[in-house]
Structures are given as structure tokens and as C-alpha cells.
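Geometric and topological summary
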Amino acid sequence: MATPRATAFSQSEMMIVAAARELAGQRVCFVGVGLPNIAVNLAKRTVAPDLELVYEAGVFGARPARLPLSIGDPTIVTGATAVTSMFELFAFYLQGGLIDVGFLGAAQVDRFGNINTTVIGDYDAPTTRLPGSGGACEIAINARQVFIIMRQSARSFVEKIDFRTSPGNLGGADNAARIRREQGWLGRGPSVVVTDLGIWHFGDDGEMRLDSLHPGATLEQVRETIGWEPRIADDLAVTPAPTDEELRLIRVELDPGGAYTK
Amino acid sequence: MPDNRRVSTSKVATMRDAIADLVRDGNTVAIEGFTHLISFAAGHEIIRQRKRDLTLARLTPDLIYDQMVAGGVARKLIFSWLGNPGVGGLNAIRRRVEAGPVAASGEPALELEEYSHFGMVGRYMAGATNLPFFPLRSYFETDLPRANPLIREIESPYGDGTVYAVPPLKPDVTIIHAQRASAAGDTQVWGLLGCQKEAAFAADRLIVVVEEVVDESIIRADPNRTIIPGLIVDAVVVEPFGAHPSYVQGSYDRDNRFYLDWDPISRDEAATQAWLDEWVYGLAGRAEYVEKLGVERVASLRPGPAPSGVVDYGDYR
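Criteria and cut-off values
Residues numbered from 1 in each chain as written. Chains lettered and ligands numbered in written order. Predicted model: local features only at pLDDT ≥ 70, side-chain atom pairs only at ≥ 80, totals over all residues. Heavy atoms only, no water. Helix = DSSP H or I, 4+ residues; strand = E, 2+ residues; numbered from the N terminus. Rg over C-alpha atoms; globule rule 2.2 N^0.38 Å. Buried < 20%, exposed > 50% of the residue type's maximum accessible area, 1.4 Å probe, protein only. Contact = heavy atoms within 4.5 Å. Areas by Shrake-Rupley, 256 points an atom, 1.4 Å probe, with all protein chains shown as cover. Lys, Arg positive; Asp, Glu negative; His and termini not counted. Charge placed at Lys NZ, Arg CZ, Asp CG, Glu CD. Salt bridge = Lys/Arg side-chain N within 4 Å of Asp/Glu carboxyl O. Core = buried A, V, L, I, M, F, W, Y, C linked by side-chain atoms within 4.5 Å. Buried area = accessible area lost by both parts, 1.4 Å probe. Polar contact = N/O pair within 3.5 Å; in protein donor to acceptor, adjacent residues only side chain to side chain. Nonpolar A, V, L, I, M, F, W, Y, C, P; charged D, E, K, R; others polar. Pairing = 2+ DSSP bridges. Axes fitted to C-alpha atoms, helices over the stretch in contact; angles between N-to-C directions.

1. Describing the overall build of chain B
Summing up its helical and strand segments, chain B has twelve helices and 13 strands in all. The globule rule puts the C-alpha radius of gyration for 317 residues at 20 Å, and the 20 Å found for chain B is close to it. With the C-alpha coordinates of chain B rotated into their principal frame, the extents come out at 60 × 55 × 35 Å. Across the 317 residues of chain B, 58% fall into the buried class. Taking as baseline every contact in chain B between residues at least 6 positions apart, the subset at least 24 positions apart corresponds to 73%. Carbon and sulfur atoms make up 52% of the accessible area of chain B, which amounts to about 13,000 Å² in all. Treating the 33 positive side-chain charges of chain B as one cloud and the 43 negative ones as another, the clouds have centres 2 Å apart.

Spelled out as C-alpha cells, the structure:
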């Protein structure tokens, strides 16, 4: 099924390339650390040269000269268009509606793109205490669209999440669209989920649908790593493998140490 | 409210005196700084002085609150993102949260009060501006208001829907780290600004820790860079390298090796306490800590230069 290719690549590299390509035509992107950071920087060098990188720590128009080690690395400041207070960043840029795409990861996600990053188990006596919202809750509500990037596993793609930290399409698209409209939210919710196995978009009813399978991945793997009977597109595509140039940018410029991509 | 306006005289104090005088058992303390400019030196002095029953507020508790919780100074955390940025979890805190009502050490579980980042910033904003709440569009259709009943839905008085409100946060003491200040406390910061200004104006008492004290003329030559006037500052502590292992824009980089090292140390209670013995209780203060780190490690964190251009404010007489 996989197309012949000149260069071998890792699942992480495929995720980064797939997420970067989804950013074609986007203008203002709220970046997270790790894979989203590399994806956004790759997009800026390929499909979205005008992309403005926004970091929640309070930077608009970042030009990081190295891979940021954290969400607040000093390299996102040097050479940026603007440093803002966090109040300005969340109030003017995010809640004010200037962010086109926000990236989110999750410990748990459900079929409607609702996200848990707070606890596994009961809130008051958790099995695992996770970091919590950070800026995710407001990104999910206010960014014009949300990209979710995470690896698939039966523990993380679940029928019912233990805690809703960040709203997605709630219980379905009709409900979500009505609530988002009535509450005055500017965000339309999640639009894509990029995993190590494929690319999911959200259908008219608000449920995620597998539109593209990464080269080498199988539908059997997809079903084994998801907690519900997944919806598969009739015209399921195969994600084009990373090009040599995309791999060069990742390996030479963006993550030369292979911290996120091995 | 005490009137803490002071005449413009020196507020320079030692870290030991500033913490002893201004941080009291049972206080709500905010050491702010979003990944940048985190006053580890102040946190360590609070541990060293064995303060107790503190409520610790910070958007991102970071390693400093993990260490302070391990040091037994805290009974409660107010926060929005609980993790070791770029590395993983905060293990000392998790031990006090996941263990149930009583931790293995016999200590009571740490009380948690959580928000989102914007909610925490809004809390400081309401505290700084003497308002009863801060409104925001976060929290709809989430479980956060159920987990924290202080997050409340309110009607717009103009009949155009509902928003969520968070209450003011007014720390008894806010502590921030900055590149420089005058002896009177006029404080200048560059690089990430986080919510230090909001947390400073919200506080009853304010400690500013700086890399260097500069003459007032340096401050006055660039007033746009001043985020906090000496008017609201109670103590200025000069503590070079006081933000290590976090960083100071233009002076030193984050010591990522320590952020990675803390993960295995903090997973083990005995190793955590041994670390505190060696690096906190066993040292008199930050100068000894820097000496112990060694010149090579310190030098390895110095960035190359990238100076700003100079602006002309104009001479208007």
C-alpha cells in the first residue's frame, strides 16, 4: 500500500509533515511545544510562508532560531515582531478572534474532538493527575479552528473522556454550532486530527472521520487504537509520504537533535 | 489596605531579610514569571526558612513549586498548568495529590484550585484593578466550573448572553525576578512579560529580585521598559543568577539539563529530600548556589549578544 519512496521516515516525521500541509493558506497560528512547533515551522518554510507564529507566553510573529525547549524559550523572543503581556495575548489576540489555528494535544479525546488534559479517573481522587488546561480551554473556544495532534492509542482515543477540559464538537455538530453561536464564541471548533496513523477531519455531524491513512499504516491498526467503531471515508486516501525536502528541513533545520522526531 | 507608598529611598535588602520580614506563615504567595524570570532564589529561601501553610499561586507551578511542596511549605496550590515544561510531570506535587486524603509521608493532601491561563491572568487583573471579578469567554461546556465552583457563569448586564467570571486574586506577597531595578524599586524587564505586572499590582507586598541594581538615570533613560514603579515595591533583592535553572533574557539561558535531571530526582521522595539538603538547606543563599554550580556551567548558559536598537525619546525643555 505504501508508495515507493527514496528515504525512510519515522511516524513522528509523518505526523509533522501531515500537520504542516494542513496549514496551507493559514495566516495566524497559535503554537504549542513539541510536534506542533516543528509542524508550524515546517509549514512556514513550505506551504504557508506568511504564517505568523503566536506563542501563549506572549509573542506574536516569532522567528525561533532554534527548536524551542519550552513554550517560553528565549529564542521565540529574539527577532519577533512583538512581545505582549499574557493578558494582551489572551485578551486581544485569542479572545479577540485573531488566531486562525490553535494546536492542541490531549491525554484523551472523544469522537467529537472534546479533550481531556486534567485527570484520569475521578477528579477528587485521580488515578493520574495531568497538567490541566493551561491555555487549551480558551484556545478550543476562541481559535477559529483547532488542530489536534496526538498519537493513537486505545487509552487516549476513548468513547467517553474522564474530564472535559476543552470543548470540541460537544455531543455533535448541530448542538455545537448552536452553542458556539449563542454564546458568542468566535471559534468553529476542531477541524483536523493528525495522528501517527492517519488524518481525520470532522464530518457534518461533528464526528471525526478518517480521510487519509499514512503509508505503512493499516485499518486494523486504526481500529485497535480507538475506543469506538471509527468512521472511515469511502474514498480513503493514502497520505503522500514526506518529500526529501520536507525531511531535510526537519532533520537539518528544525530538529537536528531528533528530540521530537526519532 | 495599608498605605505602602514610600518616599524614594533605597529598598535594597538581603534575600534572607526580605523573606523573613515579608512572607508569613499562612500567606498567599505568588512567585510569577512564565518560564522566564522565575525567582528560584526566593523559593529556596522560603524553604530554607521553613515557612508553613502557604497558599502558592502561579500559572505554571514549575520546578520551583515542586521543590517548595517537597520542602513542606505549602498547603494549597492555585494554578492553571501543572507540569515540568517540555519534560513531563511535577512528581513531588503529584505525590501529594494522587495519594488520596493523606499522603504517604503522613501529610494532608495538597489542596488544588485550578483555572486556565487566561482565568489566572484575569484573577490577577481583577485583583490589581480592585474589581469584584474578571469576565471571560472560557469554561463553557467544560468540567472546570464543576471542579472549581469559584468559576461562575454570569449574565451580561446588557442582555447579550452569558460569560464566565473568576474572582480577584490578591496575593499577600508577590515575588518577581527582573533584569534590573533602581534601589528604589523601579523595575525594568525585557523578554517575556508573563503576568508579572498584574501579579505585582494585585499584591499587598512586593519583592523584586534583580540581576543588578542600576542608577535611577538608567531607568529614566528608557521609561517604556519600566513595568513596575518603586511606589509599590517593598524590597529589592540583588541576586545575580537568581532565576536559575529558569532564564533571564539576554543574561542566561534556561538550564535544560536541570529540568531533565529534576524528573528522576523528584520521582523518589528520598532523592528529592537529599537534593533539598544539598542545594537548599545546606547552602546559605544564592551566592553559594552559584559557586556550587561552577563557572563552567554558568558560562555555558550565557547567550551571544543581540542588542536592541536605540530609540530617541527627545529632549523637551
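2. Details of the pattern of salt bridges
Residue and element names in this part refer to chain A. The full count for this structure, using the stated rule, is 32 salt bridges over all chains. Between Glu 159 and Arg 111 there is a salt bridge whose closest N-O contact spans 2.8 Å. Within this pair, whereas Glu 159 is found in the loop between strand S10 (145–149) and helix H5 (173–182), its partner Arg 111 is found in the loop between strand S6 (108–109) and strand S7 (115–116), the two being separated by 48 residues in sequence. With relative accessibility at 19%, the residue Arg 111 sits in the buried group. A cluster of three or more residues bridged by salt bridges with shared partners is formed by Arg 111, Glu 159, Asp 205, Glu 207 and Arg 231.

3. A look at the nonpolar core
As a rule of thumb, nonpolar side chains are buried together in soluble globular proteins. Judged by nonpolar contacts, the single largest core of 108 residues is most densely connected at A:Leu23, B:Tyr124 and B:Tyr139. In contact with B:Tyr139, other than residues within four places in its own chain, are A:Cys137, A:Ile141, B:Tyr115, B:Ser116, B:Gly119, B:Leu144, B:Pro145, B:Ile151, B:Tyr164 and B:Val166. B:Ile46, B:Val209, B:Ala235 and B:Val237 belong to the second-largest nonpolar core, a separate cluster that totals 68 residues.

4. Re the side chain of A:Thr117
Note that A:Thr117 resides in the loop between S7 and strand S8 (119–121). Residues within four places of A:Thr117 in sequence aside, it is in contact with A:Gly105, A:Ala106, A:Ala107, A:Leu130, A:Pro131, A:Gly132, A:Ser133 and A:Thr165.

5. Details of the interface of chain B and chain A
Each partner contributes residues to the interface: chain B has 44 residues there, and chain A has 47 residues. Both sides together, the interface formed by chain B and chain A hides about 3,800 Å², and carbon and sulfur atoms give 61% of it. When the area that chain B buries against chain A is broken down by residue, the three leading residues are B:Phe118, B:Arg137 and B:Glu141, summing to 17%. Here A:Arg129 ties to B:Glu114 by a salt bridge, and the two come within 2.7 Å at their closest N and O atoms. Run the count over chain B and chain A and you get 21 residue pairs in polar contact (both at pLDDT 80 or more). Among the elements of the structure, helix H4 (91–98), strand S5 (111–114), helix H5 (117–128), strand S6 (134–136) and helix H6 (144–147) of chain B are those that each provide at least two residues to the side of chain B that touches chain A. Among the elements that make up the side of chain B that touches chain A, the one with the highest residue count is H5(B) (five residues). Class assignment of the residues belonging to the side of chain B that touches chain A gives a composition of 22 nonpolar, 13 polar and nine charged.

6. Here we look at the environment of B:Glu278
Residues and elements named next belong to chain B. Take Glu 278: it is sitting in helix H10 (residues 269–281). Here the alpha-carbon distance between Glu 278 and Tyr 289, two residues eleven residues apart in the chain, equals 9.7 Å. Separated by 2.8 Å, the side chains of Glu 278 and Lys 292 make a polar contact.

7. Some words on the sheet that holds strand S11 (residues 190–194) of chain A
Residues and elements named next belong to chain A. Strand order in the open sheet formed by ten strands is S4-S3-S2-S1-S5-S10-S11-S12-S13-S14, and the pairing between neighbours is mixed. Every interior strand has two partners, whereas the edge strands, strand S4 (82–83) and strand S14 (231–238), have only one. Where S10 meets S11, four bridges bridge the pair, whose relative direction is parallel. Paired with Val 146 across the bridge in S11 is Pro 190.

8. Here's the deal with the sheet that holds S6(B)
Backbone-to-backbone hydrogen bonds join strands into a sheet, with any given pair of strands oriented parallel or antiparallel. Residue and element names in this part refer to chain B. Read across the sheet, three strands follow the order S6-S8-S7 without closing on themselves; strand pairing throughout is antiparallel. Each of the sheet's edge strands pairs with one partner strand only, and the pair in question is S6 and strand S7 (152–155). Put simply, the sheet's adjacent strands are angled 45° from each other on average, direction ignored. Pairing geometry for S7 and strand S8 (residues 162–166), over four bridges, is antiparallel. If you follow Arg 152 over to S8, its bridge partner there is Ala 165. Strands S6 and S8 of the sheet are contacted by H5, whose axis makes an angle of about 150° with S6.

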